[in-house]
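# Architecture and fold: a report
What follows is the residue order along each chain.
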Amino acid sequence: MKIVITIGGSIIIKEYDHQKFKAYAEILDSLKDQHEIFVVVGGGQPARDYINIARDLHGGEANCDDIGIDVTRLNAKLLIMALGDNAYPCVPENFHHALEYSTSDRIVVMGGTEPAHSTDAVGAILAEFVKADLIINLTSVDGLYDKDPNKYPDAKLYTEVTASKMMEFLSDKEVKAGTYEFFDMTAIQMIKRSGIKTIIANGNYPENLLNVLNDKIGTTIIPE
Ligand code: UTP
């Protein structure tokens, strides 16, 4: 399969150390012979810290996004470093370059592209661009719940949800640099448009990347 994997910065750079980069590099290594893989890495807390400084300097939202994009690309560079020869050595800054770099038969790792969305949207656009079979969105929760699982112990995890239903959930969320929480609207619109199956799963456990392919974990977004 051709798979686009998005890894939230809140997972991969959570501890400010190399461990998750290494763990993900090992799992990606085990998948690279069976699948063509593209990875999109998020910015995490470092991106939010830099964005806050830019906002205090009255940089304007688009410039704040731009700062966030730079941090996602730094995280992409770290994952490329961890992957060694398994990864194409440069971070593509747009989808054309991502496609071009993929002809090397190596894993392509990128961060953000342009302002006004998150790396979830980058993953969804990239998937449409390269005609992927599957998007795996690794985030810091198990999937989509009917209410906040941190506040409500009886919150129920959806195993499946349509893209249209997800749009309803996201319609009242903020659209500001650093705050494209959980899933942004552009991402879900792109999933609906492209018809590409998407699975959201908990990326705090890198082995979930294998579990997503072998079992039924997380929330599957049905593109309708
Ligand atoms: P993300 O919000 O995608 O990273 O990018 P994240 O922190 O990994 O998200 P989680 O972990 O899934 O919550 C960080 C910031 O960079 C800017 C946005 O401001 C975003 O909030 N960004 C990123 C863009 O403007 N465009 C992009 O293509 C990517």
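Report follows, based on the coordinates.

Reading the values: the criteria
- Residues numbered from 1 in each chain as written.
- Predicted model: local features only at pLDDT ≥ 70, side-chain atom pairs only at ≥ 80, totals over all residues.
- Heavy atoms only, no water.
- Helix = DSSP H or I, 4+ residues; strand = E, 2+ residues; numbered from the N terminus.
- Rg over C-alpha atoms; globule rule 2.2 N^0.38 Å.
- Buried < 20%, exposed > 50% of the residue type's maximum accessible area, 1.4 Å probe, protein only.
- Contact = heavy atoms within 4.5 Å.
- Near = heavy atom within 4 Å.
- Polar contact = N/O pair within 3.5 Å; in protein donor to acceptor, adjacent residues only side chain to side chain.
- Areas by Shrake-Rupley, 256 points an atom, 1.4 Å probe, with all protein chains shown as cover.
- Nonpolar A, V, L, I, M, F, W, Y, C, P; charged D, E, K, R; others polar.
- Pairing = 2+ DSSP bridges.
- Expected span 1.5 Å × (residues − 1).
- Axes fitted to C-alpha atoms, helices over the stretch in contact; angles between N-to-C directions.
- Parallel < 35°, antiparallel > 145°, perpendicular 65-115°, else oblique.
- Left-handed = near helix turned anticlockwise from the far one by under 90°.

## A few points about the overall build of the protein chain
Helices and strands together make up the secondary structure of the protein chain, namely nine helices and seven strands. Its C-alpha atoms give the protein chain a radius of gyration of 16 Å, within 12% of the compact-globule value 17 Å for 224 residues. In terms of its C-alpha atoms, the protein chain occupies a principal-axis envelope of roughly 45 × 45 × 35 Å. Within the protein chain, the proportion of its 224 residues that are buried is 49%. Partitioning the intrachain contacts of the protein chain with sequence separation of at least 6 by distance along the chain shows that 70% fall at a separation of at least 24.

## Topic: the site of the ligand
For the ligand, the set of nearby residues contains 26 residues, the closest of which are Gly 9, Ser 10, Gly 44, Asp 65 and Thr 119. Separating a nitrogen atom of the ligand from a backbone N or O atom of Glu 114 is a distance of 2.7 Å. A total of 590 Å² of accessible area belongs to the ligand in isolation, and the protein chains cover 97% of it. The set of elements that each furnish at least two residues to the shell around the ligand consists of helix H1 (9-12), helix H3 (44-56), helix H4 (61-83) and helix H6 (119-130). Considering only residue class, the shell around the ligand consists of eight nonpolar, 15 polar and three charged.

## Observations concerning unusual backbone geometry
Notably, Ala 116 is not glycine yet its phi reads approximately 85 degrees, a positive angle. Tracing the sequence through the fold places Ala 116 in the loop between strand S3 (108-110) and H6. Its identity as a non-glycine residue notwithstanding, Lys 131 has a phi of 60 degrees, on the positive side. Among the structural elements, Lys 131 can be located in the loop between H6 and strand S4 (134-139). Overall, the relative accessible area of 67% leaves Lys 131 in the exposed class.

## A short note on the pairing of S4
Among the six residues in S4, six count as buried, and that is most of the element. Of the two faces of S4, both are covered, the one formed by Leu 134, Ile 136 and Leu 138 as well as the one formed by Ile 135, Asn 137 and Thr 139. With five bridges connecting them, strand S1 (residues 2-7) and S4 associate as parallel partners. What sits directly across from Ile 7, in S4, is Leu 138. As defined by bridge partners, S4 adjoins strand S6 (residues 197-202) across six bridges and the pair is classed as parallel. Residue pairing in the sheet places Thr 139 in a bridge with Asn 202 of S6.

## Things to note about H6
Here H6 is 12 residues long and its end C-alpha atoms lie 16 Å apart, about the 16 Å a rise of 1.5 Å per residue gives. Taking burial as the measure, the 12 residues of H6 include 10 buried ones, the bulk of the element. Buried within H6 are the following residues: Thr 119, Asp 120, Ala 121, Val 122, Gly 123, Ala 124, Ile 125, Leu 126, Ala 127 and Val 130. Backbone geometry just after H6 places Lys 131 at a positive phi near 60 degrees.

## Examining the packing of helix H7 (residues 163-170) against helix H8 (residues 185-194)
The contact between H7 and H8 brings their axes to 9 Å, and the two run at 165 degrees. When the interaxial angle is binned, H7 and H8 end up roughly antiparallel. H7 and H8 meet at a crossing whose hand is left-handed. Contacts between H7 and H8 involve Ala 163, Ser 164, Met 166, Met 167 and Leu 170 from the first element and Met 185, Ile 188, Gln 189 and Lys 192 from the second.

## Thoughts on the sheet that holds S1
Taken together, seven strands build an open sheet; the order of strands is S3-S2-S1-S4-S6-S7-S5 and the sheet is mixed. The sheet terminates laterally at S3 and strand S5 (160-162), the two strands that pair on one side only. When the angles between neighbouring strand axes are averaged without regard to direction, this sheet yields 20 degrees. As judged from the three bridges shared by S5 and strand S7 (residues 219-222), these two strands associate in the parallel manner. Note on S7: the bridge partner recorded for Val 161 is Ile 221. Helix H5 (residues 95-102) contacts strand S2 (36-41) and S3 of the sheet and is inclined by roughly 160 degrees relative to S3.

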